[in-house]
Amino acid sequence: MSFAAPSYAFAAPFQTPAASPIRSLMAYAMRPGSISMAGGYPAQELFDVEGLTIASTQVLARLGGCLQYSDIDGQASLKNELARLSAERGVVCDPGTELAVTGGSQQALALVSRVMLQPGDHAFIESPAFPNSVQALRYTGATVHPVASGPQGIDLEQLDEMAGRIRPKMVCVVASFSNPCGATISRERRLRLLELAVKHQFLIVEDDPYGELRFAGEHVPPIAALADGQARQWAVYISTMSKTMAPSLRIGWLVAPAEVRRRCVGAKAADDMASSAWVQEIVAQYLANGRYHEHVPRIRAAYGLRCDALAQALHKHLDGRVTFIKPEGGMFFWARLNGQADATRLLPYAIEQGVVYVPGKAFYADPAQADPHAMRLSFATMNESLIAQGIERLARALDACEANAPVSVSLAA
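Residues numbered from 1 in each chain as written. Predicted model: local features only at pLDDT ≥ 70, side-chain atom pairs only at ≥ 80, totals over all residues. Heavy atoms only, no water.

## So, the overall build of the chain
So the rule is basically this: Secondary structure elements are defined from DSSP: runs of H or I of at least 4 residues count as helices, runs of E of at least 2 residues count as strands, and each element is numbered from the N terminus. Each radius of gyration is computed over the set of C-alpha atoms, and the globule rule expresses the reference value as 2.2 Å times the number of residues to the power 0.38. Each residue is placed in one exposure class: buried if its accessible area under a 1.4 Å probe, protein chains only, is under 20% of its type's maximum, exposed if it is over 50%, and partly exposed if it falls in between. All accessible areas in this document rest on Shrake-Rupley with a 1.4 Å probe, and a residue is counted as covered only by the protein chains that are shown. Residues counted as positive are Lys and Arg, residues counted as negative are Asp and Glu, and His and the chain ends are not counted. We put the charge of a Lys on NZ, of an Arg on CZ, of an Asp on CG and of a Glu on CD.
Helix and strand counts for the chain come out as 13 helices and 14 strands. Radius of gyration (C-alpha) of the chain: 22 Å, near the 22 Å computed for a compact globule of 413 residues. Burial status across the chain gives 55% buried among its 413 residues. Counting only carbon and sulfur atoms, one obtains 54% of the accessible surface of the chain, whose full area is about 18000 Å². Of the side-chain charges in the chain, 37 are positive and 39 negative, and the distance between the mean point of each set is 3 Å.

Structure follows, in structure tokens:
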């Protein structure tokens, strides 16, 4: 007996869910011999397995005390360590009332979005931006407005003008080494953003997954570190251990005004009750052992060499055919093809040659604003030799694409 497919009454944000344009490329990225510049993954060979093993062994000696439910806002040991780490970055907070442990920075953003936004509300996000960040805002039912971003970060003049008309409740940015652009907002522009937050009464939510990964240039404090007086009440800071320790830990945190944080903790209770106490204790022990501060410089050094290698390869193999601004940290280049071929049309040729990247259109909340010639190239997961090989393959792919050669790979539109 067959039955007709039921007509479920899905909530509006989930009626026509789009497939992830980045995850859809992973099958090609995982092909044997393929060089992937597509994923935003940290380098697996740089994980501090030894340090995490030591911390795990120490926690195992007291495992019985780590198997119960955690406090919803996090284990006291980890909150205290994260408060110290945040203070080192200039974000001084009370771990009891302003800090909460989350399931990565993505959950932190989702929690803040949920407690601040509902249908009829408005939120701003820089454009281009990480697609999952856009989704976290949209799933609340709020209207999400992209604000143009470039080499200097979000366009503050456009933001000021739009905020006067639209009155957003939240503005979301990655101020240091943004995904996908690799852009960093200067200290002066961060202070101006805080002025606009006070002027228009919106909450700045800074997601800072890459701030520790600076390998060139001068340090710029987080936005919340620059906020004082009234401005501090309009700044939320989010960070994660995914890019500096390991993604599978699923440990992030938020620092927010007490009333915002309190509501986020309530929202987390409805999500997952709490992050794993066992994992939290391992992360806390790792931090207490001092391994974090020993290990992060190794990641910076490796990524700096890989960033240099990608810049050199682009100059050598694609000089004059792409433009880019070399980032001072993070994991990504934002490159733009100069010829007639666009990044989406080039991609099947690239896959055929054994190299994968993400076309820039995947990062625009409004497809009408997408730059068809842009692409995101990640340098984090490859050594310098593989990076050079990957760009050499990309150059061959561009030759074939511009010649309108036949191509064996067919991608869904």
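## Considerations on the pattern of salt bridges
Note the following rule: We define a salt bridge as a contact between a side-chain nitrogen of Lys or Arg and a carboxyl oxygen of Asp or Glu at a distance within 4 Å.
On inspection of all chains with the given rule, the structure shows 25 salt bridges. For arginine 261, the salt bridge goes to aspartate 73, with nearest N and O atoms at 2.5 Å. Placement of the pair is arginine 261 in helix α9 (residues 258-271) and aspartate 73 in the loop between α2 (49-60) and α3 (76-88), with a sequence separation of 188 residues. In this structure, arginine 300 and glutamate 212 form a salt bridge, with 3.6 Å as the shortest nitrogen-oxygen distance. Highlighted residues: arginine 300 in helix α11 (residues 291-318) and glutamate 212 in the loop between β7 (203-208) and α8 (223-226), separated in sequence by 88 residues. With relative accessibility at 17%, the residue glutamate 212 sits in the buried group. Overlapping salt bridges bring together Asp48, Glu50, Arg291 and Glu294 as one network.

## What to know about the packing of α2 against helix α10 (residues 277-288)
Using the following cut-off: Inter-axis angles, ranging from 0 to 180 degrees, are taken between N-to-C directions of lines fitted to C-alpha atoms, where helices are fitted over the stretch in contact. For classification, angles of less than 35 degrees are called roughly parallel, those exceeding 145 degrees roughly antiparallel, those between 65 and 115 degrees roughly perpendicular, and all remaining angles oblique. We call a crossing left-handed when the near helix sits turned anticlockwise from the far one by less than a right angle, and right-handed when that turn is clockwise. Contacts between residues were defined by any pair of non-hydrogen atoms, one from each residue, lying within 4.5 Å. Each residue is assigned to one of three groups, with Ala, Val, Leu, Ile, Met, Phe, Trp, Tyr, Cys and Pro labelled nonpolar, Asp, Glu, Lys and Arg labelled charged, and all others, Gly among them, labelled polar.
Packing of α2 against α10 leaves a shortest axis separation of 8 Å and a crossing angle of 120°. Here α10 runs oblique to α2, going by the angle between their axes. The handedness of the crossing between α2 and α10 comes out as right-handed. In contact with Gly51, Leu52, Ala55, Ser56, Gln58, Val59 and Leu60 of α2, α10 contributes Trp278, Glu281, Ile282, Gln285 and Tyr286. Of the residues assigned to the contact of α2 with α10, the class counts are seven nonpolar, four polar and one charged.

## With respect to the environment of glutamate 81
With respect to the secondary-structure elements, glutamate 81 resides in helix α3. Judged by relative accessible area, glutamate 81 falls into the buried class, the value being 15%. Look past the residues within four positions of glutamate 81 in its chain and what remains in contact with it is Ala284, Leu287 and Ala288.

## Notes on the sheet that holds strand β3 (residues 122-127)
Backbone hydrogen bonds are what pair the strands of a sheet, in a parallel or an antiparallel way. Which entries qualify depends on this criterion: A pair of strands is treated as paired once DSSP finds two or more bridges between them.
Strand order across the open sheet formed by eight strands is β2-β9-β8-β7-β6-β3-β4-β5, with mixed pairing between neighbours. A strand with exactly one partner marks an edge of an open sheet, and here the two such strands are β2 (99-102) and β5 (153-154). Pairing geometry for β2 and strand β9 (residues 252-255), over four bridges, is antiparallel. Its bridge partner being in β9, valine 101 is matched across the sheet by tryptophan 253.

## With respect to the sheet that holds strand β14 (residues 374-378)
Strand order in the open sheet formed by four strands is β10-β11-β14-β13, with antiparallel pairing between adjacent strands. Each edge of the sheet is formed by a strand with only one pairing partner; in this case those strands are β10 (322-324) and β13 (358-359). Bridge count between β13 and β14: two bridges; the pairing is antiparallel. Residue pairing for β14: valine 358 is matched across the bridge by arginine 376.

## As for the side chain of aspartate 208
Put simply, the rule is: In the analysis that follows, any N or O atom pair within 3.5 Å is treated as a polar contact, provided that within protein one partner can donate a hydrogen and the other can accept it, and provided that, for residues neighboring in sequence, both atoms belong to side chains.
Its location among the elements puts aspartate 208 in strand β7. Although aspartate 208 is buried, it makes no salt bridge; arginine 89 carries the closest opposite charge, 4.1 Å away. Side-chain polar atoms of aspartate 208 contact the side chain of tyrosine 237, separated by 2.6 Å. Here aspartate 208 is in contact with Arg89, Ser176, Tyr237, Ile238 and Ser239, once residues within four sequence places are set aside.

Spatial relationships are all this shows, so hold off on functional conclusions.
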